[in-house]
Amino acid sequence: MKTIYPKDLATQEFHALLQGSIAPRPIAFASTIDNAGNVNLSPFSFFNLFSTNPAILVFSPSRRVRDNTTKHTLENVKEVPEVVIHVVHYGMVEQMSLASTEYPREVDEFVKAGFTAIPSTEVKPPRIKEAKVAFECKVNEVKSLGDQGGAGNLVICEVIAVHVDEEIFDQNGVIDPNKIDLVARLGGNWYSRTNGTALFEIPKPLRTMGIGVDQIPEEIRNSPVLTGNNLGRLGNVEQLPSAEEIKVFGESPILEEMRLRFKNDYESWIYHIHELAKQLLEKGEVEAAWKTLLQKL
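Our subject in this report is the structure included herewith. Since the model is a prediction, treat every value here as computed from it, not as a measurement. (Residues numbered from 1 in each chain as written. Predicted model: local features only at pLDDT ≥ 70, side-chain atom pairs only at ≥ 80, totals over all residues. Heavy atoms only, no water.)

## Observations regarding the pattern of salt bridges
Part 1 of the reasoning: Taken as a whole and judged by the stated rule, the model has 12 salt bridges.
Part 2 of the reasoning: The shortest N-O distance in the salt bridge between Asp67 and Arg66 comes to 3.9 Å.
Part 3 of the reasoning: Residue classification places Asp67 among the partly exposed residues on the basis of a relative accessible area of 40%.
Part 4 of the reasoning: Among the salt bridges present, the one from Arg193 reaches Asp181, with a minimum N-O distance of 2.8 Å. (Salt bridge = Lys/Arg side-chain N within 4 Å of Asp/Glu carboxyl O. Buried < 20%, exposed > 50% of the residue type's maximum accessible area, 1.4 Å probe, protein only.)

## Quick word on the nonpolar core
Part 1 of the reasoning: Counting 24 residues, the largest nonpolar core has Ile220, Leu226, Leu234, Met258, Trp290 and Leu293 as its most contacted members.
Part 2 of the reasoning: Per-element tally for this core: the top contributor is helix H10 (residues 266–282), with seven residues.
Part 3 of the reasoning: Sequence-distant contacts of Met258, that is, excluding residues within four places in its chain, are made with Trp269, His272, Ile273 and Leu276.
Part 4 of the reasoning: Counting 19 residues, the second-largest nonpolar core is a separate cluster that includes Phe59, Val87, Val159 and Ile168. (Core = buried A, V, L, I, M, F, W, Y, C linked by side-chain atoms within 4.5 Å. Helix = DSSP H or I, 4+ residues; strand = E, 2+ residues; numbered from the N terminus. Contact = heavy atoms within 4.5 Å.)

## Concerning the environment of Pro177
Part 1 of the reasoning: With respect to the secondary-structure elements, Pro177 resides in helix H5 (residues 177–180).
Part 2 of the reasoning: The class of Pro177 is partly exposed, set by a relative accessible area of 39%.
Part 3 of the reasoning: Residues Pro177 and Asn195, 18 residues apart in the sequence, show an inter-C-alpha distance of 6.8 Å.

## Things to note about the pairing of strand E1 (residues 28–33)
Part 1 of the reasoning: Of all six residues in E1, six are buried; the element is thus mostly enclosed.
Part 2 of the reasoning: With burial as the criterion, each face of E1 is covered, one bearing Ala28, Ala30 and Thr32 and the other bearing Phe29, Ser31 and Ile33.
Part 3 of the reasoning: Judged from the six bridges that link them, E1 and strand E2 (residues 39–44) form a sheet pairing that is antiparallel. By the bridge assignment, Phe29 is partnered in E2 with Pro43.
Part 4 of the reasoning: Both E1 and strand E5 (residues 82–86) contribute to a ladder of three bridges, which runs antiparallel. (Pairing = 2+ DSSP bridges.)

## Points about the packing of helix H9 (residues 253–261) against H10
Part 1 of the reasoning: The contact between H9 and H10 brings their axes to 10 Å, and the two run at 160°. The angle between H9 and H10 falls in the class roughly antiparallel. For the crossing formed where H9 meets H10, the hand is right-handed. Note on element contacts: H10 touches H9 through Trp269, His272, Ile273 and Leu276, opposite Ile254, Leu255, Met258, Arg259 and Arg261.
Part 2 of the reasoning: In terms of residue class, the contact of H9 with H10 is made up of six nonpolar, one polar and two charged. (Axes fitted to C-alpha atoms, helices over the stretch in contact; angles between N-to-C directions. Parallel < 35°, antiparallel > 145°, perpendicular 65-115°, else oblique. Left-handed = near helix turned anticlockwise from the far one by under 90°. Nonpolar A, V, L, I, M, F, W, Y, C, P; charged D, E, K, R; others polar.)

## Brief notes about a nonpolar patch on the surface
Part 1 of the reasoning: Taken together, the side chains of Ile4, Leu17, Leu18 and Ile22 present a nonpolar region at the surface, about 300 Å² in accessible area.
Part 2 of the reasoning: When you line up the elements, Ile22 lands in the loop between helix H1 (11–21) and E1.
Part 3 of the reasoning: The exposure class of Ile22 is exposed, given its relative accessible area of 52%. (Patch = residues over 30% accessible without salt bridge, like charges linked within 9 Å, V, L, I, M, F, W, Y side chains within 5 Å. Areas by Shrake-Rupley, 256 points an atom, 1.4 Å probe, with all protein chains shown as cover.)

## Focus: the sheet that holds strand E9 (residues 153–164)
Part 1 of the reasoning: Read across the open sheet, the seven strands follow the order E2-E1-E5-E8-E9-E4-E3; overall the sheet is antiparallel. Taken across any chain shown, the strands that pair with only one partner, and hence form the sheet edges, are E2 and strand E3 (47–52). Across the sheet, the mean angle separating the axes of adjacent strands is 30° when strand polarity is ignored.
Part 2 of the reasoning: With five bridges connecting them, E3 and strand E4 (residues 55–59) associate as antiparallel partners.

## Things to note about the pairing of E4
Part 1 of the reasoning: Most of E4 is tucked away, with four of its five residues classed as buried.
Part 2 of the reasoning: The hairpin formed by E3 and E4 contains two residues between the paired strands.

## Some words on the packing of aromatic side chains
We describe a pair of aromatic rings using the distance from one ring centre to the other and the angle between the two ring planes.
Part 1 of the reasoning: The full count for this structure, using the stated rule, is two aromatic pairs.
Part 2 of the reasoning: Arranged with centres 5.3 Å apart and planes meeting at 35°, the rings of Phe44 and Phe59 form a pair that is tilted. Of this pair, Phe44 sits in strand E2 while Phe59 sits in strand E4, and the two are 15 residues apart along the sequence.
Part 3 of the reasoning: For Phe44, a relative accessible area of 4% gives the class buried.
Part 4 of the reasoning: Lying across the ring of Tyr191, Arg185 places its NZ or CZ 4.5 Å from the centre. (Phe/Tyr/Trp six-rings, centres within 6.5 Å; stacked < 30°, edge-to-face > 60°. Lys NZ or Arg CZ within 6 Å of the ring centre and 35° of its normal.)

## Comments concerning unusual backbone geometry
Part 1 of the reasoning: Between Ala23 and Pro24 the backbone carries a cis peptide bond, its omega angle lying at 0°.
Part 2 of the reasoning: Positionally, Pro24 belongs in the loop between H1 and E1.
Part 3 of the reasoning: Note the cis peptide between Asn53 and Pro54, where omega equals 5°.
Part 4 of the reasoning: In this model, Asn68 sits at a positive phi of 65°, which is unusual for a non-glycine residue.
Part 5 of the reasoning: Position of Asn68 among the secondary structure elements: in the loop between E4 and helix H2 (72–79).
Part 6 of the reasoning: The exposure class assigned to Asn68 is partly exposed, which follows from its relative accessible area of 25%.
Part 7 of the reasoning: Despite not being glycine, Asp181 shows a phi value in the positive range, around 55°.
Part 8 of the reasoning: With respect to the helices and strands, Asp181 occurs in the loop between H5 and strand E10 (183–185).
Part 9 of the reasoning: Taking relative accessible area as the criterion, Asp181 reaches 9% and is therefore assigned buried.

In structure tokens:
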């Protein structure tokens, strides 16, 4: 494990290290306006949700590392403390990237990137018609984090209206991650897409009290096959199956065949039992995995 101290690297190098490791990051595609009516549209990946009530989003237009200059977005929100933050979906990612070009102040990135600007309902900056979600916000505060290149400026925004494309909802009225098809920022030129096989679910242990990894029998906890993720899923159950349930499950043809095959080879029995349990866990069949792991030879 290599240890690195910020003071030992050039700011640009440390910037790349941070962006490459703290990822994926959601993207705030922010439209702002200045006192003269010049519109700016620019993406920022130093961004997230920080409160629901009040609804607070925070993004950071950092000072440029190379020359310590500030961005039009930062200057705009100080003049007109309003912003529309759009989330970025895959169908607009190339246009979003184009909008990040450092055009002169008088150039409208809506036009350059080929987006349709439509009026917002509560704030002055326009919003992107092609966006699937747009948050109209008032800027409560701009907090500077430093005066050197790379220093952030926290733009603390309170959401006052949200526009959502109804096509991204599922049958229960909840946003479907496959339909919204979000894009996130990695390091360098890399992005990630929250769609397809990249999506997976993990049951939240909010309403249940999982037994915890520490309560898993030592032979299973020290398995040569099961991963930390596998153990975490096993530890998220409230209780283990009963002896009767384990006995009935063990009468399956697969387990009976394994008992016969490995009756004189306990080490191989354990390895194959754990392999089978791992396959079950990866299919989400946690109870069956436990019943497999608790079998006796």
